[in-house]
Amino acid sequence: MPLEVGVLGYGFMGKAHANAMARLPMFFPDAPAIDRSVLIGRHESALADAADRLGFDATATDWRDVVDDVDVFYNLGPNHVHREPSVAALEAGTPVFCEKPLAPTLEDAEAMARAAREAGNDVPAGCAFNYRFVPAIQYAKRLLEAGDLGEIHHVRGRYLQDWLVDPEAPWSWRNDAELAGSGALGDLGAHTVDLLRFLVGSEGLAGDIERVSGHLQTFVDERPVEGTGTDETRPVTVDDAYSAQLEFENGTLGTIEASRFATGHKNDHTIEIHGSEGSLRFSLERLNELEVLRDGDRGYETILVTDEDDPYIDHWWPPGHVIGWEHLFVHENYEFLCAVADGSEYEPNFADGLAAQRVLDAIEASDDRGEWVSLE
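What you see is a predicted model; the values in this text were computed from it and never measured. (Residues numbered from 1 in each chain as written. Predicted model: local features only at pLDDT ≥ 70, side-chain atom pairs only at ≥ 80, totals over all residues. Heavy atoms only, no water.)

A. Inspection of the nonpolar core at higher detail. Tyr74, Ile273 and Leu290 are the most contacted members of the largest nonpolar core, which totals 118 residues. The element best represented in this core is helix H7 (residues 184–200), accounting for 10 residues. Here this core spans two domains, since at least three of its residues come from each of domain 1 (3–130) and domain 2 (135–286 + 288–323). With sequence-adjacent residues up to four places away left out, leucine 290 is seen in contact with Ala136, Tyr139, Ala140, Leu143, Leu280, Arg281, Phe282, Glu301, Thr302, Ile303 and Val305. (Core = buried A, V, L, I, M, F, W, Y, C linked by side-chain atoms within 4.5 Å. Buried < 20%, exposed > 50% of the residue type's maximum accessible area, 1.4 Å probe, protein only. Helix = DSSP H or I, 4+ residues; strand = E, 2+ residues; numbered from the N terminus. Domains from an automatic or database assignment. Contact = heavy atoms within 4.5 Å.)

This is the structure we're talking about:
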(Lines give C-alpha, C1' and ligand atoms only; values in the text may rest on other atoms or scores of the structure.)
Protein backbone atom coordinates (compact mmCIF):
# COMPACT_ATOMS: atom_id res chain seq x y z
CA MET A 1 0.00 0.00 0.00
CA PRO A 2 1.25 3.53 -0.73
CA LEU A 3 2.51 5.56 2.21
CA GLU A 4 0.01 8.28 3.10
CA VAL A 5 1.87 11.55 3.56
CA GLY A 6 0.63 14.56 5.49
CA VAL A 7 2.40 17.88 5.01
CA LEU A 8 2.20 20.94 7.26
CA GLY A 9 3.01 24.05 5.23
CA TYR A 10 2.58 25.00 1.59
CA GLY A 11 4.99 27.90 1.12
CA PHE A 12 8.55 27.76 -0.20
CA MET A 13 9.45 24.39 1.35
CA GLY A 14 5.99 22.94 0.74
CA LYS A 15 6.43 23.53 -2.98
CA ALA A 16 9.98 22.13 -2.98
CA HIS A 17 8.98 18.88 -1.27
CA ALA A 18 5.73 18.43 -3.21
CA ASN A 19 7.72 18.78 -6.43
CA ALA A 20 10.21 16.20 -5.17
CA MET A 21 7.45 13.75 -4.27
CA ALA A 22 5.92 14.13 -7.74
CA ARG A 23 9.30 13.41 -9.42
CA LEU A 24 10.13 10.28 -7.41
CA PRO A 25 8.15 7.69 -9.44
CA MET A 26 9.62 9.00 -12.70
CA PHE A 27 13.30 9.10 -11.75
CA PHE A 28 13.56 6.81 -8.69
CA PRO A 29 11.26 3.89 -9.58
CA ASP A 30 12.50 1.86 -6.60
CA ALA A 31 11.22 4.53 -4.18
CA PRO A 32 8.21 3.51 -2.09
CA ALA A 33 4.84 4.48 -3.52
CA ILE A 34 3.26 7.45 -1.75
CA ASP A 35 -0.01 9.36 -1.74
CA ARG A 36 0.10 13.08 -1.08
CA SER A 37 -2.86 12.61 1.20
CA VAL A 38 -3.41 15.81 3.18
CA LEU A 39 -2.04 19.35 3.20
CA ILE A 40 -2.27 21.28 6.46
CA GLY A 41 -2.52 25.05 6.88
CA ARG A 42 -4.46 27.80 8.63
CA HIS A 43 -6.38 29.55 5.83
CA GLU A 44 -8.96 27.36 4.10
CA SER A 45 -9.23 29.22 0.78
CA ALA A 46 -5.46 29.51 0.24
CA LEU A 47 -5.05 25.95 1.48
CA ALA A 48 -7.54 24.56 -1.04
CA ASP A 49 -5.78 26.34 -3.89
CA ALA A 50 -2.38 25.09 -2.73
CA ALA A 51 -3.61 21.51 -2.39
CA ASP A 52 -4.89 21.62 -5.95
CA ARG A 53 -1.61 23.01 -7.33
CA LEU A 54 0.64 20.71 -5.30
CA GLY A 55 -1.36 17.52 -5.87
CA PHE A 56 -2.81 16.74 -2.45
CA ASP A 57 -6.03 14.77 -2.04
CA ALA A 58 -7.41 16.62 0.99
CA THR A 59 -6.79 19.51 3.37
CA ALA A 60 -6.90 20.08 7.12
CA THR A 61 -6.61 23.18 9.28
CA ASP A 62 -5.46 21.37 12.43
CA TRP A 63 -2.40 19.12 12.48
CA ARG A 64 -3.89 17.26 15.48
CA ASP A 65 -6.44 15.72 13.12
CA VAL A 66 -3.68 14.36 10.91
CA VAL A 67 -0.61 13.12 12.80
CA ASP A 68 -2.32 9.93 14.07
CA ASP A 69 -3.82 9.04 10.68
CA VAL A 70 -1.00 9.39 8.14
CA ASP A 71 2.01 7.12 7.62
CA VAL A 72 4.47 10.02 7.38
CA PHE A 73 4.30 13.59 8.69
CA TYR A 74 6.28 16.45 7.12
CA ASN A 75 6.62 19.53 9.33
CA LEU A 76 7.52 22.36 6.94
CA GLY A 77 6.07 25.19 9.02
CA PRO A 78 7.89 28.14 10.57
CA ASN A 79 10.43 27.37 13.28
CA HIS A 80 8.10 28.05 16.21
CA VAL A 81 5.69 25.30 15.11
CA HIS A 82 8.34 22.61 14.79
CA ARG A 83 8.21 21.20 18.30
CA GLU A 84 4.61 20.45 19.23
CA PRO A 85 3.37 18.76 16.02
CA SER A 86 6.61 16.82 15.55
CA VAL A 87 6.63 15.49 19.11
CA ALA A 88 2.93 14.56 18.88
CA ALA A 89 3.54 12.65 15.65
CA LEU A 90 6.50 10.76 17.09
CA GLU A 91 4.51 9.89 20.22
CA ALA A 92 1.87 8.43 17.89
CA GLY A 93 4.55 6.34 16.16
CA THR A 94 4.43 8.40 12.96
CA PRO A 95 7.76 9.09 11.19
CA VAL A 96 8.55 12.80 10.97
CA PHE A 97 10.51 14.92 8.55
CA CYS A 98 11.12 18.43 9.92
CA GLU A 99 12.57 21.55 8.35
CA LYS A 100 15.74 23.11 9.70
CA PRO A 101 16.78 24.53 12.05
CA LEU A 102 15.26 21.77 14.13
CA ALA A 103 13.77 24.31 16.56
CA PRO A 104 14.00 27.98 17.53
CA THR A 105 15.63 27.15 20.88
CA LEU A 106 17.97 24.54 22.28
CA GLU A 107 15.32 23.50 24.80
CA ASP A 108 12.84 22.74 22.02
CA ALA A 109 15.46 20.87 20.00
CA GLU A 110 16.33 18.73 23.03
CA ALA A 111 12.66 17.85 23.54
CA MET A 112 12.29 16.89 19.87
CA ALA A 113 15.43 14.75 19.88
CA ARG A 114 14.25 13.05 23.09
CA ALA A 115 10.89 12.23 21.47
CA ALA A 116 12.72 10.75 18.47
CA ARG A 117 14.88 8.56 20.72
CA GLU A 118 11.85 7.34 22.63
CA ALA A 119 9.99 6.55 19.39
CA GLY A 120 12.78 4.13 18.43
CA ASN A 121 14.99 3.54 15.43
CA ASP A 122 12.15 2.05 13.38
CA VAL A 123 10.34 5.45 13.43
CA PRO A 124 12.63 7.71 11.37
CA ALA A 125 12.86 11.36 12.35
CA GLY A 126 14.66 13.35 9.66
CA CYS A 127 15.97 16.91 9.72
CA ALA A 128 15.99 18.78 6.41
CA PHE A 129 19.67 19.45 5.78
CA ASN A 130 19.22 19.02 2.04
CA TYR A 131 22.72 20.14 1.06
CA ARG A 132 24.11 16.80 2.21
CA PHE A 133 22.48 15.41 -0.93
CA VAL A 134 24.39 17.48 -3.48
CA PRO A 135 26.31 14.95 -5.61
CA ALA A 136 29.45 17.12 -5.38
CA ILE A 137 29.19 17.15 -1.57
CA GLN A 138 28.78 13.37 -1.53
CA TYR A 139 31.83 13.13 -3.80
CA ALA A 140 33.79 15.39 -1.44
CA LYS A 141 32.77 13.16 1.48
CA ARG A 142 34.25 10.15 -0.33
CA LEU A 143 37.56 11.96 -0.88
CA LEU A 144 37.77 13.01 2.76
CA GLU A 145 36.89 9.59 4.17
CA ALA A 146 39.45 7.99 1.84
CA GLY A 147 42.12 10.25 3.33
CA ASP A 148 42.89 12.04 0.05
CA LEU A 149 43.32 15.40 1.82
CA GLY A 150 45.43 14.04 4.64
CA GLU A 151 45.30 15.66 8.08
CA ILE A 152 42.63 18.39 8.18
CA HIS A 153 43.97 21.80 9.20
CA HIS A 154 41.38 24.41 8.20
CA VAL A 155 37.66 24.45 7.38
CA ARG A 156 35.75 27.50 6.21
CA GLY A 157 32.07 27.96 5.56
CA ARG A 158 30.10 31.00 4.50
CA TYR A 159 26.48 31.47 3.46
CA LEU A 160 25.81 34.87 1.91
CA GLN A 161 22.52 36.39 0.73
CA ASP A 162 21.38 39.97 0.13
CA TRP A 163 17.57 39.89 0.31
CA LEU A 164 17.40 42.18 3.36
CA VAL A 165 19.87 44.88 2.28
CA ASP A 166 17.00 47.28 1.52
CA PRO A 167 15.82 48.75 4.86
CA GLU A 168 12.31 48.96 3.37
CA ALA A 169 12.15 45.20 2.78
CA PRO A 170 9.06 44.06 4.72
CA TRP A 171 9.06 42.46 8.14
CA SER A 172 8.39 38.71 8.29
CA TRP A 173 8.39 35.98 10.92
CA ARG A 174 12.05 35.40 10.08
CA ASN A 175 12.80 38.77 11.75
CA ASP A 176 11.22 37.77 15.08
CA ALA A 177 13.18 35.90 17.76
CA GLU A 178 10.00 34.41 19.27
CA LEU A 179 9.03 32.84 15.94
CA ALA A 180 12.40 32.11 14.33
CA GLY A 181 14.78 31.76 17.27
CA SER A 182 17.59 33.52 15.42
CA GLY A 183 18.19 35.15 12.05
CA ALA A 184 21.01 34.39 9.64
CA LEU A 185 22.56 32.22 12.36
CA GLY A 186 19.75 29.64 12.44
CA ASP A 187 18.41 30.06 8.93
CA LEU A 188 21.76 29.85 7.13
CA GLY A 189 24.32 28.92 9.76
CA ALA A 190 22.50 25.68 10.55
CA HIS A 191 23.26 24.46 7.03
CA THR A 192 26.95 25.33 7.31
CA VAL A 193 27.36 23.70 10.71
CA ASP A 194 25.68 20.52 9.51
CA LEU A 195 27.75 20.32 6.33
CA LEU A 196 30.99 20.68 8.28
CA ARG A 197 29.86 18.02 10.76
CA PHE A 198 28.92 15.75 7.84
CA LEU A 199 32.16 16.26 5.92
CA VAL A 200 34.84 16.37 8.62
CA GLY A 201 33.08 15.44 11.87
CA SER A 202 34.29 11.85 12.01
CA GLU A 203 36.95 10.90 14.55
CA GLY A 204 39.59 10.34 11.88
CA LEU A 205 39.18 13.82 10.42
CA ALA A 206 38.43 16.97 12.45
CA GLY A 207 36.15 15.32 15.02
CA ASP A 208 33.54 17.18 17.06
CA ILE A 209 33.28 20.94 17.42
CA GLU A 210 34.49 21.57 20.99
CA ARG A 211 34.27 25.35 21.49
CA VAL A 212 33.22 28.49 19.63
CA SER A 213 33.64 32.23 19.61
CA GLY A 214 30.81 34.12 17.92
CA HIS A 215 29.62 37.59 17.00
CA LEU A 216 26.10 38.57 15.87
CA GLN A 217 25.00 41.85 14.29
CA THR A 218 21.66 43.46 13.41
CA PHE A 219 21.90 46.26 10.85
CA VAL A 220 18.23 47.34 10.59
CA ASP A 221 16.30 47.52 13.86
CA GLU A 222 12.75 47.74 12.48
CA ARG A 223 10.97 47.02 9.22
CA PRO A 224 7.65 48.04 7.63
CA VAL A 225 4.65 45.75 7.93
CA GLU A 226 3.43 44.77 4.49
CA GLY A 227 -0.22 45.14 3.50
CA THR A 228 -1.40 47.44 6.28
CA GLY A 229 -1.62 50.61 4.18
CA THR A 230 0.00 52.49 7.06
CA ASP A 231 3.49 53.38 8.24
CA GLU A 232 3.40 50.61 10.84
CA THR A 233 6.74 48.95 11.60
CA ARG A 234 7.81 46.04 13.76
CA PRO A 235 11.13 45.51 15.54
CA VAL A 236 13.77 43.16 14.17
CA THR A 237 14.82 40.99 17.12
CA VAL A 238 17.21 38.58 15.36
CA ASP A 239 20.65 38.86 13.82
CA ASP A 240 21.14 39.96 10.21
CA ALA A 241 24.65 38.46 10.12
CA TYR A 242 27.00 36.37 12.25
CA SER A 243 30.59 35.20 12.24
CA ALA A 244 32.25 32.56 14.39
CA GLN A 245 35.48 30.72 15.04
CA LEU A 246 35.40 27.00 15.76
CA GLU A 247 37.86 24.71 17.48
CA PHE A 248 37.53 21.04 16.59
CA GLU A 249 38.44 18.01 18.67
CA ASN A 250 41.51 17.12 16.59
CA GLY A 251 42.90 20.66 16.45
CA THR A 252 41.28 21.77 13.19
CA LEU A 253 40.62 25.52 12.95
CA GLY A 254 37.24 26.59 11.59
CA THR A 255 35.69 29.90 10.55
CA ILE A 256 32.06 30.29 9.52
CA GLU A 257 29.77 33.21 8.71
CA ALA A 258 26.44 34.08 7.19
CA SER A 259 24.69 37.28 6.18
CA ARG A 260 21.46 38.49 4.64
CA PHE A 261 23.22 41.80 3.88
CA ALA A 262 26.00 40.57 1.57
CA THR A 263 25.24 42.77 -1.43
CA GLY A 264 25.63 40.89 -4.72
CA HIS A 265 25.22 37.40 -3.24
CA LYS A 266 21.93 35.61 -3.84
CA ASN A 267 22.45 32.13 -2.38
CA ASP A 268 26.19 31.68 -2.02
CA HIS A 269 26.95 28.75 0.28
CA THR A 270 30.68 28.02 0.08
CA ILE A 271 32.71 25.34 1.85
CA GLU A 272 36.52 25.11 1.86
CA ILE A 273 38.59 22.37 3.48
CA HIS A 274 42.40 22.40 3.64
CA GLY A 275 44.46 19.34 4.57
CA SER A 276 48.10 18.33 4.69
CA GLU A 277 47.85 16.62 1.29
CA GLY A 278 45.22 18.66 -0.53
CA SER A 279 42.24 20.97 -0.45
CA LEU A 280 38.72 21.25 -1.80
CA ARG A 281 36.13 23.96 -2.21
CA PHE A 282 32.47 24.01 -3.19
CA SER A 283 29.93 26.72 -3.95
CA LEU A 284 26.19 26.11 -4.04
CA GLU A 285 25.91 28.61 -6.88
CA ARG A 286 27.97 26.13 -8.95
CA LEU A 287 26.55 23.01 -7.36
CA ASN A 288 27.59 20.59 -10.12
CA GLU A 289 31.27 21.41 -9.59
CA LEU A 290 33.86 20.55 -6.98
CA GLU A 291 37.29 22.15 -6.97
CA VAL A 292 40.03 19.80 -5.77
CA LEU A 293 43.76 20.31 -5.23
CA ARG A 294 45.93 17.28 -4.57
CA ASP A 295 49.49 17.07 -3.34
CA GLY A 296 51.82 18.13 -6.17
CA ASP A 297 49.21 20.05 -8.16
CA ARG A 298 49.98 23.68 -9.02
CA GLY A 299 46.33 24.68 -8.78
CA TYR A 300 42.79 23.48 -8.30
CA GLU A 301 41.14 21.06 -10.73
CA THR A 302 37.46 21.73 -11.40
CA ILE A 303 35.58 18.42 -11.46
CA LEU A 304 32.14 18.36 -13.06
CA VAL A 305 30.30 15.88 -10.84
CA THR A 306 27.82 14.61 -13.42
CA ASP A 307 29.24 11.22 -14.46
CA GLU A 308 27.00 8.18 -14.24
CA ASP A 309 28.98 6.72 -11.33
CA ASP A 310 28.74 9.94 -9.29
CA PRO A 311 26.24 9.94 -6.40
CA TYR A 312 22.60 9.96 -7.59
CA ILE A 313 23.52 11.01 -11.15
CA ASP A 314 22.57 7.68 -12.74
CA HIS A 315 18.92 8.62 -12.02
CA TRP A 316 19.10 11.80 -14.10
CA TRP A 317 20.76 12.81 -17.35
CA PRO A 318 23.83 11.94 -19.47
CA PRO A 319 27.22 13.30 -18.30
CA GLY A 320 27.50 17.07 -18.49
CA HIS A 321 23.72 17.59 -18.35
CA VAL A 322 23.68 19.37 -15.02
CA ILE A 323 21.14 19.07 -12.24
CA GLY A 324 19.68 21.90 -10.13
CA TRP A 325 18.75 22.91 -6.61
CA GLU A 326 15.35 21.22 -6.77
CA HIS A 327 16.95 17.83 -7.45
CA LEU A 328 18.48 17.79 -3.98
CA PHE A 329 14.99 17.50 -2.51
CA VAL A 330 14.31 14.46 -4.69
CA HIS A 331 17.45 12.76 -3.34
CA GLU A 332 16.51 13.76 0.22
CA ASN A 333 12.93 12.51 -0.06
CA TYR A 334 14.08 9.28 -1.69
CA GLU A 335 16.42 8.48 1.21
CA PHE A 336 13.92 9.46 3.89
CA LEU A 337 10.91 7.65 2.42
CA CYS A 338 12.99 4.50 1.82
CA ALA A 339 13.95 4.60 5.50
CA VAL A 340 10.28 4.94 6.44
CA ALA A 341 9.28 2.02 4.23
CA ASP A 342 12.10 -0.16 5.62
CA GLY A 343 11.72 0.97 9.24
CA SER A 344 15.43 1.86 9.20
CA GLU A 345 17.47 4.77 10.51
CA TYR A 346 17.82 7.97 8.48
CA GLU A 347 20.51 10.64 8.52
CA PRO A 348 20.51 13.56 9.01
CA ASN A 349 18.14 12.88 11.90
CA PHE A 350 16.91 14.78 14.94
CA ALA A 351 20.16 13.99 16.76
CA ASP A 352 22.01 15.79 13.96
CA GLY A 353 19.55 18.67 14.21
CA LEU A 354 20.19 18.88 17.95
CA ALA A 355 23.97 18.77 17.45
CA ALA A 356 23.76 21.73 15.05
CA GLN A 357 21.45 23.55 17.47
CA ARG A 358 24.01 23.17 20.27
CA VAL A 359 26.62 24.91 18.13
CA LEU A 360 24.19 27.72 17.19
CA ASP A 361 23.24 28.18 20.83
CA ALA A 362 26.90 28.33 21.86
CA ILE A 363 27.61 30.97 19.21
CA GLU A 364 24.78 33.11 20.60
CA ALA A 365 26.02 32.58 24.14
CA SER A 366 29.54 33.58 23.08
CA ASP A 367 28.21 36.80 21.57
CA ASP A 368 26.30 37.56 24.80
CA ARG A 369 29.28 36.88 27.06
CA GLY A 370 32.08 38.16 24.84
CA GLU A 371 34.15 35.01 25.35
CA TRP A 372 34.80 31.53 23.99
CA VAL A 373 32.11 28.98 24.91
CA SER A 374 32.68 25.24 25.23
CA LEU A 375 30.10 22.73 24.03
CA GLU A 376 28.91 20.06 26.42
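B. Structural context of the side chain of asparagine 75. Counting through the fold element by element, asparagine 75 comes out in strand S4 (residues 72–75). In this view, asparagine 75 contacts Leu8, Val81, His82, Pro85, Ser86, Phe97, Cys98 and Glu99; residues no more than four positions away in its chain are not counted.

C. Seen up close, the environment of aspartate 361. Mapping aspartate 361 onto the fold places it in helix H9 (residues 350–369). Among the residues examined, aspartate 361 registers a relative accessible area of 33% and is labelled partly exposed. Distance in space between the C-alpha atoms of aspartate 361 and threonine 105 is 7.7 Å, their sequence separation being 256 residues.

D. Focus on a negative patch on the surface. Taken together, the side chains of Glu4, Asp35, Asp57, Asp65, Asp68, Asp69 and Asp71 make up a negatively charged region of the molecular surface. Checked against the element boundaries, aspartate 65 lands in the loop between strand S3 (58–60) and S4. According to the relative accessible area criterion, aspartate 65 is exposed, its value standing at 52%. (Patch = residues over 30% accessible without salt bridge, like charges linked within 9 Å, V, L, I, M, F, W, Y side chains within 5 Å. Areas by Shrake-Rupley, 256 points an atom, 1.4 Å probe, with all protein chains shown as cover. Salt bridge = Lys/Arg side-chain N within 4 Å of Asp/Glu carboxyl O. Lys, Arg positive; Asp, Glu negative; His and termini not counted. Charge placed at Lys NZ, Arg CZ, Asp CG, Glu CD.)

E. Broad picture of the sheet that holds strand S2 (residues 34–40). Reading across the sheet, the 6 strands line up as S3-S2-S1-S4-S5-S6 and stay open at both edges, with parallel pairing between neighbours. Bordering the open sheet on either side are S3 and strand S6 (125–127), each of which pairs with just one other strand. Sheet twist, expressed as the mean angle between neighbouring strand axes with direction ignored, is 20°. Sheet analysis places strand S1 (residues 3–8) next to S2, joined by 6 bridges and oriented parallel. (Pairing = 2+ DSSP bridges. Axes fitted to C-alpha atoms, helices over the stretch in contact; angles between N-to-C directions.)

F. Inspection of helix H1 (residues 12–27) at higher detail. Over its 16 residues, H1 extends 22 Å from the first C-alpha to the last, a length consistent with the 22 Å expected when each residue adds 1.5 Å. The inward-facing, buried residues of H1 abut S1, S2, helix H2 (44–54), S4, strand S5 (96–98) and helix H8 (325–342). (Expected span 1.5 Å × (residues − 1).)

G. Up close: the side chain of arginine 132. Along the chain, the position of arginine 132 falls in the loop between S6 and helix H5 (135–145). Setting aside its immediate chain neighbours within four residues, arginine 132 contacts Ile137, Gln138, Asp194, Leu195, Arg197, Phe198, Glu347, Pro348 and Asp352.

H. Representation of the packing of helix H4 (residues 106–119) against H9. The interhelical angle for the contact between H4 and H9, taken along N-to-C directions, is 165°, at an axis separation of 9 Å. Taken together, the axis directions place H4 and H9 in an arrangement best described as roughly antiparallel. The way H4 lies across H9 gives a crossing that is left-handed. Here Leu106, Ala109, Glu110, Met112, Ala113 and Ala116 of H4 lie close against H9, whose contacting residues are Phe350, Leu354, Gln357, Arg358 and Asp361. Partitioning the contact of H4 with H9 into residue classes produces 7 nonpolar, 1 polar and 3 charged. (Parallel < 35°, antiparallel > 145°, perpendicular 65-115°, else oblique. Left-handed = near helix turned anticlockwise from the far one by under 90°. Nonpolar A, V, L, I, M, F, W, Y, C, P; charged D, E, K, R; others polar.)

I. Representation of the UniProt feature "domain: Gfo/Idh/MocA-like oxidoreductase N-terminal" (unreviewed entry) in the protein chain within the structure. In this structure's numbering, the residues bearing the UniProt feature "domain: Gfo/Idh/MocA-like oxidoreductase N-terminal" (unreviewed entry) are residues 4–122. The span residues 4–122 shows a helical share of 42% and a strand share of 18%, and its end C-alpha atoms are spaced 17 Å apart. (UniProt positions renumbered as here; feature names shortened; annotations may be inferred.)

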